[in-house]
Amino acid sequence: MQGLRPQELAEIIAIDRKKCKGCDACKAFCPTDAVTGKYGAVHRVDGERCLFCGQCLVNCPFGAPQDTVDIVDKVIARLKDGRTTVVAAIAPAVRVAVGEEFGLEPGALVTGQLLGALQTAGFKILDTNFAADLCIMEEGSELITKIRHYALGEAAGHAPGPLPQFTSCCPAWVRYAELYCPQLLPHMSSAKSPLMMAGALAKTYGATEVWRTNPENVFVVGVMPCTAKKFEASRPEFASAAAYWHKRGSAGSYPDVDVVLTTRDLARLLKKLNINLTAAAEFSDADNPLARYSGAGTIFGNTGGVMEAALRTAHFVITGQELAALELNPVRGLKGVKAAGVTLRDAKTGREITVKVAVVHGIKENLGPIVDEVVAGRSPYHFIEVMNCPGGCVNGGGQPINPMGTSWLDKYKAILPWS
Amino acid sequence: MSHDSDGPRVLKHPLSSRLFHWGLILGFLPAALTGFVLWLKPGSDGFVNLAMRIHIGAAAIFTLSAVLYTLLCLDRVVAFVRRIFSYDDRDVGWLLVGGGYPQKMFLGRKIPVPPMGKLNSGQKMMGVAMLFGGIVLTATGWILYAFIPLAPKAFIYWADQLHLVVGIVLGLSLFMHIFLGIYNWGEFKAMFGDGTQPLAEAEDHNPAWVAREIEPVQKAAGGRQLPA
Amino acid sequence: MATYDYVEKAIKITRREFLGVVGVGAAILWTGAYAATDLVQDRTKYIKLRAAGLYRDDAKAAARQSHNNAAVGEMYKKFAGKPLSPLAEELFHTRYVDRSKLGGMRS
């Protein structure tokens, strides 16, 4: 199969032919034209083209696209086997959406209850927000190295990748670039996504320093607003922890992240275990360093959040001072492409540089011109955040399905009988 | 055309109504047939897609016919609405014997039925279904056609459910209407001919209409011919 | 040219009937307009509410910058050294695949 390696999940989103009305709504949200089937006829998803982003799934009026990877029972079995340290790596966007599955208002922030419910279920906690902070340290350092090298003329040990640098947190965006614009791959940040960092960390540092157990007994469950994360977890290169222990004499073979539950899957799991999120005792795993996070880590779930978090840290690293106003309003909100410039005075050299950034969300509608600029070599930006889903992870394909539909279209496309 | 042998005639369906009926034949009939195809989705992508295109084209004809008829022949529409909402105990009697149709079809026996107006009880009930169902089908149909990627999911979902249920009910009613329309051959001739019917036949089918709602044509001098 | 001797009496439309027809027509048009405007704006509501939830989480956080997350600093100190260290590269960085060259292509 094109676009997929043997170990990778080949199908995540499939259309239930009994429910499909052939209305083409999914096509209006599909970033890669992976949905085939003529208007009126039953549609299908081409797994080779599909990013597994799940936007069709959350936006189909008839609930026809389904997430076919159901590992809820497998996770429950691991929770109950008494030997496994089951670690839940909870993404930022889950805590503002999982409440909807339990009758709370959309946007209700339920971090405490979510951790409480997970603890009751038997999970250990690794907040992906912690890994998001870690991601900023790695990805931000990478960016700063590039800026110092290209814009401030500082010599680097080896030539860093080209600018602009793209974020690499969104697995659907990474797959999009790999499939459709491979010429951009040198521009991608080499940093793993927060979840993959979380997995590698849980089975190394987490196992030895926090849970004090054999890394092979650590079972990392990503709890994600995202169906594409299921694909990302199946990528063969994400077995860094096993490689790390292999070098140190251990022969085990395991992925960094064992399975991924979507927000919907998590709600099903909790319901199967008769745990009511709204009645769960608040819990903050304060003694666990891997459950601590900064405000920068939590806004990763919003479009512009990675950028805002990165700039807060880049400002500090380059100027030596904290940003005065932390809210970077130009990168907030739902405009398709958001651009901003931040002028920084380098503490080392005294030179000034305006860091230009762009934020893209909704690949289908908004990515094209930004990519064209980069390919043509005339992109004015240093750092570009791309999130596949409109609005970012809060509107991911793994989030609770809202009866009103949660995405929107900038452009209105009528389906004409002759088109 | 000469009708002299039949005796006096009555204009049952004026030209405007007959044209509207043709609009329904070219609009509602193909839309209903293709609607069943779209519901059951038999056959290839191309076939179902073709059905969808015909469905939409036919829907446009149907909608245009209905809108034009309402705007240009408001009196006909109002007369129709008045008729389909007027019921009395004669309708109960008519419905109890099924309008005499089962006896006529299966036993070959003509039984006396309560006198009906221009529309009998069954036609009136179908008229009510057609009026409301038609409005619902048209509105939901165009919403499904034009607003699908745009309007909220629940809105589209319920529009589709309504469109489906009402469409099935009216689609099946249509087949019954076609059957009975052909079974009552005189009615068929009137609708697809010049709209007239022998007065005697109308008196037999629609006695209350003949008694109360018709009047002799103001004759032009020397002949009875008038433009329809 | 049709010939006939009897014709249906003309009717007079009452005011109520006229208003009824106009009302039904207006209701249909209003439904369409409502579908196209009010409800459409609602589509972004859930994104905005969830996004606002995360911004609230940010605003109430003790530390609001990643480099001020002490637990991350502690992890580097005890384990990975510093950002982009060889161990950090090994565990926290990756490579990408040019999937257009993976073969088995189906056009």
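Residues numbered from 1 in each chain as written. Chains lettered and ligands numbered in written order. Predicted model: local features only at pLDDT ≥ 70, side-chain atom pairs only at ≥ 80, totals over all residues. Heavy atoms only, no water.

Visitor: Just to check I follow, could you spell out the interface of chain B and chain A for this structure?
Guide: It is common to report an interface's size as the accessible area lost on association of the parts. Contacts between chain B and chain A engage 24 residues on the former and 32 residues on the latter. Interface area for chain B against chain A, summed over the two sides, is near 2,300 Å², with a carbon-plus-sulfur share of 62%. Counting the contacts that link chain B with chain A gives two salt bridges. Asp160 of chain B is the partner of Lys21 of chain A in a salt bridge, and the nearest nitrogen-oxygen pair spans 3.0 Å. For the interface between chain B and chain A, the tally reads eight residue pairs in polar contact (both at pLDDT 80 or more). (Contact = heavy atoms within 4.5 Å. Buried area = accessible area lost by both parts, 1.4 Å probe. Salt bridge = Lys/Arg side-chain N within 4 Å of Asp/Glu carboxyl O. Polar contact = N/O pair within 3.5 Å; in protein donor to acceptor, adjacent residues only side chain to side chain.)

Visitor: In this structure, what is going on with the packing of helix H4 (residues 89-96) of chain B against helix H6 (residues 121-146) of chain B? I would like to understand it.
Guide: Residue and element names in this part refer to chain B. One can describe the packing of H4 onto H6 by two numbers: an axis separation of 9 Å at closest approach and a directional angle of 105°. Of the possible angle classes, the one that applies to H4 and H6 is roughly perpendicular. Within the contact between the two elements, H4 uses Asp91, Trp94 and Leu95 and H6 uses Ser121, Gly122, Lys124 and Met125. A class-by-class count of the residues in the contact of H4 with H6 yields three nonpolar, two polar and two charged. (Axes fitted to C-alpha atoms, helices over the stretch in contact; angles between N-to-C directions. Helix = DSSP H or I, 4+ residues; strand = E, 2+ residues; numbered from the N terminus. Parallel < 35°, antiparallel > 145°, perpendicular 65-115°, else oblique. Nonpolar A, V, L, I, M, F, W, Y, C, P; charged D, E, K, R; others polar.)

Visitor: Looking at this structure, I do not really get a nonpolar patch on the surface. What am I missing?
Guide: Residues and elements named next belong to chain B. There is a patch of nonpolar side chains on the surface, built from Leu33, Leu172, Phe175, Ile178, Ile182 and Trp185 and spanning about 550 Å² of accessible area. Per element, the largest residue contribution to the nonpolar patch is four residues, and it comes from helix H7 (residues 153-183). Mapped onto the elements, Phe175 comes out in helix H7. Take Phe175: its relative accessible area is 34%, and that puts it in the partly exposed class. (Patch = residues over 30% accessible without salt bridge, like charges linked within 9 Å, V, L, I, M, F, W, Y side chains within 5 Å. Areas by Shrake-Rupley, 256 points an atom, 1.4 Å probe, with all protein chains shown as cover. Buried < 20%, exposed > 50% of the residue type's maximum accessible area, 1.4 Å probe, protein only.)

Visitor: Teacher, can you tell me more about the sheet that holds strand S12 (residues 383-387) of chain A here?
Guide: Strand pairing in a sheet is mediated by backbone hydrogen bonds. Such pairs are either parallel or antiparallel. Residue and element names in this part refer to chain A. Taken in spatial order, the four strands of this open sheet run S7-S12-S11-S10, and their pairing is mixed. Looking at strand neighbours, the two that pair on one side only are strand S7 (165-166) and strand S10 (337-345), the edges of this open sheet. Running at roughly 155° to S12, helix H12 (residues 305-319) makes contact with S10, strand S11 (352-361) and S12 of the sheet. (Pairing = 2+ DSSP bridges.)

Visitor: Where do I start with the interface of chain C and chain A in this structure?
Guide: Counting residues at the interface gives 52 residues for chain C, matched by 89 residues for chain A. Across the interface of chain C and chain A, roughly 6,000 Å² is buried in total on both sides, 57% from carbon and sulfur atoms. Of all residues in chain C, the largest losses of buried area upon contact with chain A belong to Arg50, Tyr96 and Arg99 of chain C, amounting jointly to 15% of the total for that side. Counting the contacts that link chain C with chain A gives eight salt bridges. Here Lys78 of chain C ties to Glu209 of chain A by a salt bridge, and the two come within 3.9 Å at their closest N and O atoms. In this assembly, chain C and chain A are joined by 34 residue pairs in polar contact (both at pLDDT 80 or more). Among the secondary structure elements, those contributing two or more residues to the side of chain C that touches chain A are helix H3 (45-59), helix H4 (70-80) and helix H5 (86-92) of chain C. Of all the elements, H3 of chain C adds the most residues to the side of chain C that touches chain A, at 12 residues. Considered class by class, the residues forming the side of chain C that touches chain A number 24 nonpolar, 12 polar and 16 charged.

Visitor: Is there a simple way to think about empty space enclosed by the protein in this case?
Guide: Regions of empty space are outlined by a rolling probe, equal in size to a water molecule, passed over the atoms. All names here are of chain A. What the rule picks out here adds up to six cavities of 30 Å³ or more. Taken as a whole, the largest cavity encloses approximately 300 Å³ of empty space. Cys169, Pro171, Pro225, Lys229 and Cys393 are the residues nearest the centre of the largest cavity, which is lined by 25 residues in total. Elements with a minimum of two residues in the lining of the largest cavity: helix H5 (128-150), helix H6 (171-180), helix H7 (194-210) and helix H8 (228-233). (1 Å grid on protein atoms, 1.4 Å probe; cavity = no way out; pocket = protein on both sides within 12 Å on 5 of 7 lines; lining within 4 Å. Points joined across faces, edges and corners; volume = space filled by probe spheres on them.)

Visitor: When you look at unusual backbone geometry in this model, what are you seeing that I'm missing?
Guide: Glycine aside, the phi torsion of most residues is negative, and most peptide linkages are trans. Residues and elements named next belong to chain A. Here Leu163 and Pro164 are connected by a cis peptide whose omega angle stands at -5°. Note on placement: Pro164 falls in the loop between H5 and S7. In this model, Phe52 sits at a positive phi of 65°, which is unusual for a non-glycine residue. Tracing the chain through its elements places Phe52 in the loop between strand S3 (44-45) and helix H2 (55-59). Look at Asn274: it is not a glycine, yet its phi comes out positive at around 55°. Here Asn274 shows up in the loop between helix H10 (263-272) and helix H11 (295-298). The exposure class of Asn274 is exposed, given its relative accessible area of 72%.

Visitor: Where do I start with H6 of chain B in this structure?
Guide: Residue pairs three or four apart in sequence face the same way in an α-helix, which turns once every 3.6 residues. The end-to-end C-alpha separation of H6 of chain B is 37 Å, in line with the 38 Å expected for 26 residues at 1.5 Å each. Its side-chain oxygen 3.0 Å from the backbone nitrogen of Gly122 of chain B, Asn120 of chain B forms the N-cap of H6 of chain B. (Expected span 1.5 Å × (residues − 1).)

Visitor: Quick question: what am I supposed to make of the layout of surface pockets here?
Guide: Residues and elements named next belong to chain B. For the second largest pocket, the calculated volume is near 970 Å³. Lining the second largest pocket are 40 residues; nearest its centre among them are Gly35, Leu38, His55, Asp160 and His163. Classifying every residue of the lining of the second largest pocket gives 24 nonpolar, 10 polar and six charged.

Visitor: Which parts of the structure should I look at to understand the packing of aromatic side chains?
Guide: Any pair of aromatic rings gets described here by the distance separating the centres and the angle formed by the planes. Applying the stated criterion to the full structure yields 20 aromatic pairs over all chains. Seen from their ring centres, Phe166 of chain A and Trp173 of chain A are 5.2 Å apart, and the 55° between their planes marks the pair as tilted. Residue Trp173 of chain A is classed as buried on the basis of its relative accessible area of 0%. Three or more aromatic residues link up through ring pairs in this structure, and these residues are Phe166, Trp173, Tyr176 and Tyr180 of chain A. Above the ring of Phe231 of chain A, the side-chain terminus of Arg175 of chain A is found at 4.9 Å from the ring centroid. Over the aromatic face of Tyr55 of chain C sits the side chain of Arg332 of chain A, whose NZ or CZ is 3.7 Å from the ring centroid. (Phe/Tyr/Trp six-rings, centres within 6.5 Å; stacked < 30°, edge-to-face > 60°. Lys NZ or Arg CZ within 6 Å of the ring centre and 35° of its normal.)

Visitor: Please clarify how the side chain of Lys338 of chain A should be interpreted in this entry.
Guide: Residue and element names in this part refer to chain A. Position of Lys338 relative to the elements: it lies in strand S10. Glu385 provides the closest opposite charge to the buried, salt-bridge-free Lys338, at an N-O distance of 6.4 Å. Within polar-contact distance, the side chain of Lys338 engages the backbone oxygen of Val331 at 2.9 Å. Once you skip the residues sitting within four places of it in the chain, Lys338 turns out to touch Thr303, Gly304, Pro330, Val331, Arg332, Gly333, Val357, Ala358, Val359 and His361. (Lys, Arg positive; Asp, Glu negative; His and termini not counted.)

Visitor: In this structure, what is going on with the side chain of Thr128 of chain A? I would like to understand it.
Guide: Residues and elements named next belong to chain A. Here Thr128 shows up in helix H5. Assessed through its relative accessible area of 3%, Thr128 is described here as buried. A distance of 3.2 Å separates a polar atom in the side chain of Thr128 from the backbone oxygen of Ala89. Not counting the four nearest positions on each side in its chain, Thr128 is found in contact with Ala89, Ile90, Ala91, Pro194, Leu195 and Met224.

Visitor: Would you mind going over H4 of chain C with me for this structure?
Guide: Of the residues making up H4 of chain C, those classed as buried are Ala71, Val72, Met75, Tyr76, Phe79 and Ala80 of chain C. Taken end-on, H4 of chain C shows its buried residues confined to a sector of 145°, consistent with a single buried face. Residues of H4 of chain C that are exposed and point more than 90 degrees away from the buried face comprise Ala70 and Lys77 of chain C. Each element contacted by the buried residues of H4 of chain C is listed here: H5, H7 and helix H9 (240-247) of chain A together with H5 of chain C. For H4 of chain C, the capping residue at the N-terminal end is Asn69 of chain C, with a side-chain oxygen 3.0 Å from the backbone nitrogen of Ala71 of chain C. Positive backbone phi, approximately 85°, marks Gly81 of chain C, located one or two places after H4 of chain C. (Arc of directions from axis to C-beta.)

Visitor: What exactly am I supposed to notice about the domain arrangement of chain A here?
Guide: All names here are of chain A. Under the domain assignment, chain A is made up of domain 1 (1-68), domain 2 (72-130 + 193-296) and domain 3 (142-188 + 302-395). Averaged C-alpha coordinates put domain 1 and domain 3 at centres separated by 30 Å. Interface area for domain 1 against domain 3, summed over the two sides, is near 1,000 Å², with a carbon-plus-sulfur share of 52%. The largest share of the area that domain 1 buries against domain 3 comes from Pro31, Leu51 and Gln55, three residues that together contribute 47% of it. At the boundary of domain 1 and domain 3, one finds seven residue pairs in polar contact (both at pLDDT 80 or more). At three residues, helix H1 (residues 25-29) tops the list of elements feeding residues into the side of domain 1 that touches domain 3. Considering only residue class, the side of domain 1 that touches domain 3 consists of nine nonpolar, five polar and four charged. (Domains from an automatic or database assignment.)

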